[in-house]
Amino acid sequence: MASEKDVDFVCSVCLNLDFGRLPKPDPPHTLDEYQISTSFQELRDSAQNDDCLACKIICTGIESVQEEYEESEFLLDDTRVIMNLRQGHSVRVTLSNFGYEKVLEFYTISPEDNGSIPAFGTSSTVASSMNLSHCLRLAAGWMKKCREEHALCRRAVDSKLPTRVIDVGLRRESETVYLKETRDSDRDPYISLSHCWGKEQIITTTTNTLQKRKAGIKFSELSNTFREAVQITRGLGIRYLWIDSLCIIQDDKKDWEIESAKMADVYMGSQLNLAATHASNGLGGCFAERWSLDTLNQVELNVGDDVDILIRPDDDEEGDYSILVRTALHVAHDHFTRTMDYASTMEHASPLLSRGWVFQERLLSMRALHFHAEELIWECASGISCECSRLEEFQGGDPNGLLQQRETDQIKMMYLSMFSTTATESQILDTWLELISEYGALKLTKQTDRLPAISGLASRISRQLTGEYLGGLWSQDLPRALCWEKGSGSRNKYPSFHDADSSAPSWSWASISNHSDDVPGITYGIVTVSGFVVDPRCHVPQFYQTRSLNNPFGICADAWLKIRAPLITATFLATESPMDQETVDLALKHNFAQYLGKTMSWNEIEFEEETTKFSGDCLDTEGRVTDVSHGDTVCCLLLGHFKHTEKERLSEYPPQYLNRDQRRLLESENSSSETKGAYALVLVKVDESSTYKRVGFLVQREGSGWWEDAEICTITLI
């Protein structure tokens with residue numbers, strides 16, 4: 001077998017996994033410095049011919065776990081083998097066929113185990129299940145390091161206790177805890193809890209049970225999640241724990257409004273937020289059997305079944321190569337670093353992160369300990385760490401300073417950037433739109449909670465801004481903040497609608513109601529990517545809203561805007577046709593037919609015999625607009641403009657819908673000329689006066705000619 005110490009030998013397949021020879025991925029990847037791509041046949045031939053020790057180790061590791069995917073005949077000669085490497089860390093090997101993917105991780109426990117191939121870096125083993133003692137050891141270590149070494153996390157925290165807390169005591173053997181009502185002068189460290197309520201009934205505090213909770217709560221009354229949160233709190237030497245369902249009187253509307261308005265202070269004042277990230281309800285608890293997820297196939301895989309590859313080198317080398325291989329723990333990393341599209345795995349592996357209320361809990365907490373399905377994740381104001389150590393000190397999407405341009409790729413870092421001493425109001429408003437796009441992909445059980453669930457976040461950010469908060473928008477960002485739309489990524493299982501008793505006006509993204517199993521899919525993607533320049537004829541001279549005294553950042557039922565801008569009258573057209581056979585055949589071939597609708601629907605606006613598609617706010621399950629009908633008169637109010645090229649416009653369409661000349665332009669390297677596009681609201685009249693409601697958002701990519709001679713009108717938008 002050729003030794004990697006032999007300077008005359010360079011493997012043509014893996015380049016000896018020598019960092020001096022390895023190519024860097026293009027585009028750069030957040031967690032990897034180098035990348036090699038080959039076929040399994042080439043890797044196996046190199047290993048079998050004894051040309052390369054590194055190839056033999058990787059090939060042996062792949063074959064040792066082959067039984068997990070053997071039935072699907074996944075490992076074929078032309079299976080792509082993509083090796084991703086970062087100095088000092090494990091080697092991640094992705095096995096990929098069309099529609100299937102599996103990721104393995106090769107690592108050592110100690111640098112002495114990898115012989116002459118330092119590319120096999122160290123990692124920590126992750127046990128198949130979590131227990132209290134192991135959790136406390138890791139949490140205490142991360143907490144100590146965070147307090148002592150992280151400048152951003154050492155800031156003074158007001159240890160004022162929330163209105164109510166759970167007194168867990170410090171005796172670990174006690175099986176009773178108490179609800180305590182505090183005084184303004186009470187100061188003590190406490191821990192908070194983020195959890196999914198789920199569909200199973202959990203213990204709560206109501207007006208009838210308040211005194212009973214203060215008298216004592218038996219362990220047997222608590223859910224698994226609450227019980228284990230108490231054990232962790234005691235184990236960390238902290239006496240008080242805040243749990244929303246017990247510390248807020250659930251059937252008292254006034255108390256609920258007052259306490260929801262204090263969410264920012266509750267989570268910011270917590271020493272640590274425990275997050276039962278993997279559990280969809282109280283039965284899941286914090287400690288559970290670990291499992292990972294085959295991302296594309298949605299198959300659950302065991303964690304903790306690592307295979308030890310022992311390969312003896314040639315006689316002239318000392319020792320063995322003890323390399324461990326396991327299914328890569330990448331799902332948790334994806335969820336917390338946003339290094340890839342994680343929407344398809346979020347609700348399965350991290351149901352807590354798919355919930356709307358948890359969004360602000362995660363961002364406002366100085367420190368959080370996530371009990372993910374794969375491993376423990378530590379998230380604080382200075383970065384992320386994980387149980388397997390791959391994310392150790394992952395700071396703002398930039399491990400080891402690899403990708404400084406992506407320093408806000410981690411969502412918590414994005415939020416914290418709003419409080420930088422160098423952050424301008426314009427940058428803060430840009431970040432707010434990005435946060436709302438993230439929040440718009442999350443679920444809520446009660447649709448009226450859409451604004452209350454981020455009221456703590458809005459309250460905190462308001463201290464950085466000079467304008468007024470208007471139902472999820474900031475007054476100084478008008479009219480740009482009106483340019484939200486319902487994303488077209490996936491269809492919902494149930495129709496979305498404007499509730500007659502909506503908690504927000506039609507011009508607010510919070511006005512869209514949907515089934516609790518669906519996400520609203522609200523996004524500001526178009527303006528954050530393409531930019532926004534306000535039309536000089538458009539401005540918002542006046543606005544009004546009534547505010548709740550208990551929570552001024554919560555429900556916004558009575559609000560309106562006065563807008564003066566170019567307005568045209570047009571016609572709404574709803575057309576549809578059966579799904580074309582080419583698309584159906586492609587879907588069947590690649591196993592995604594279940595995601596197709598039965599028909600293709602187009603929602604269009606017609607003006608002077610020209611038509612353009614528009615994004616409706618409320619859609620049925622086939623993507624048809626529900627609050628206007630075919631042939632109805634609508635009005636289009638011009639807000640602003642953006643510039644784009646013809647190639648950028650064509651790139652949004654599937655190739656089969658383009659003609660030959662359009663495909664040639666898209667494939668050419670030549671740049672195309674810029675076109676001035678337009679943003680407009682699609683409105684319907686409420687009455688005979690100049691009062692309107694929003695029903696959609698229009699992006700006119702062919703230019704703003706529709707409004708060149710349009711009348712400038714002043715309207716009231718409700």
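Residues numbered from 1 in each chain as written. Predicted model: local features only at pLDDT ≥ 70, side-chain atom pairs only at ≥ 80, totals over all residues. Heavy atoms only, no water.

**Notes on the side chain of aspartate 518**
Right, on to step 1. For aspartate 518, the position within the fold is in the loop between β22 (512-513) and β23 (522-523).
Right, on to step 2. The charged side chain of aspartate 518 is buried without a salt bridge, its nearest counter-charge being lysine 493 at 5.9 Å.
Right, on to step 3. There is a polar contact of 2.9 Å between the side chain of aspartate 518 and the backbone nitrogen of tyrosine 494.
Right, on to step 4. Those residues within four positions of aspartate 518 in sequence are excluded, and the remaining contacts are Lys443, Asn492, Lys493 and Tyr494. (Helix = DSSP H or I, 4+ residues; strand = E, 2+ residues; numbered from the N terminus. Buried < 20%, exposed > 50% of the residue type's maximum accessible area, 1.4 Å probe, protein only. Lys, Arg positive; Asp, Glu negative; His and termini not counted. Salt bridge = Lys/Arg side-chain N within 4 Å of Asp/Glu carboxyl O. Polar contact = N/O pair within 3.5 Å; in protein donor to acceptor, adjacent residues only side chain to side chain. Contact = heavy atoms within 4.5 Å.)

**Quick word on empty space enclosed by the protein**
Right, on to step 1. In this structure the tally under the stated criterion is five cavities of 30 Å³ or more.
Right, on to step 2. As a volume, the largest cavity reaches approximately 80 Å³.
Right, on to step 3. The class makeup of the residues in the lining of the largest cavity is eight nonpolar, two polar and three charged. (1 Å grid on protein atoms, 1.4 Å probe; cavity = no way out; pocket = protein on both sides within 12 Å on 5 of 7 lines; lining within 4 Å. Points joined across faces, edges and corners; volume = space filled by probe spheres on them. Nonpolar A, V, L, I, M, F, W, Y, C, P; charged D, E, K, R; others polar.)

**Side note on the environment of lysine 446**
Right, on to step 1. With respect to the helices and strands, the residue lysine 446 is situated in the loop between α13 (425-439) and α14 (455-462).
Right, on to step 2. Judged by its relative accessible area of 56%, lysine 446 is exposed.
Right, on to step 3. The spatial distance from the C-alpha of lysine 446 to the C-alpha of histidine 515 is 9.0 Å, given a sequence separation of 69 residues.

**A short note on helix α1 (residues 40-48)**
Right, on to step 1. Those residues of α1 that sit buried are Phe40, Leu43, Ser46 and Ala47. Burial along α1 is one-sided: seen end-on, the buried residues are contained in an arc of 130°.
Right, on to step 2. Packing partners of the buried residues in α1 comprise β1 (34-39), α2 (53-64) and β2 (80-85). (Arc of directions from axis to C-beta.)

**Some words on the nonpolar core**
Right, on to step 1. Ranked by size, the top nonpolar core spans 119 residues in total, and within it Leu369, Trp432, Trp509 and Ile563 carry the most contacts.
Right, on to step 2. Not counting the four nearest positions on each side in its chain, tryptophan 432 is found in contact with Met418, Ile454, Ala458, Ile461, Tyr469, Gly472 and Trp474.
Right, on to step 3. Judged by nonpolar contacts, the second largest core, of 35 residues, contains Cys11, Leu22, Tyr34 and Met83. (Core = buried A, V, L, I, M, F, W, Y, C linked by side-chain atoms within 4.5 Å.)

**Thoughts on the pairing of strand β3 (residues 91-97)**
Right, on to step 1. When you tally the buried positions in β3, you get six out of seven residues, the bulk of the element.
Right, on to step 2. As defined by bridge partners, β2 adjoins β3 across five bridges and the pair is classed as antiparallel. Within the sheet, the bridge partner assigned to asparagine 84 lies in β3 and is arginine 92.
Right, on to step 3. Hairpin remark: β2 followed by β3, antiparallel, with five residues in the connecting loop; positive phi at glycine 88, about 85°. (Pairing = 2+ DSSP bridges.)

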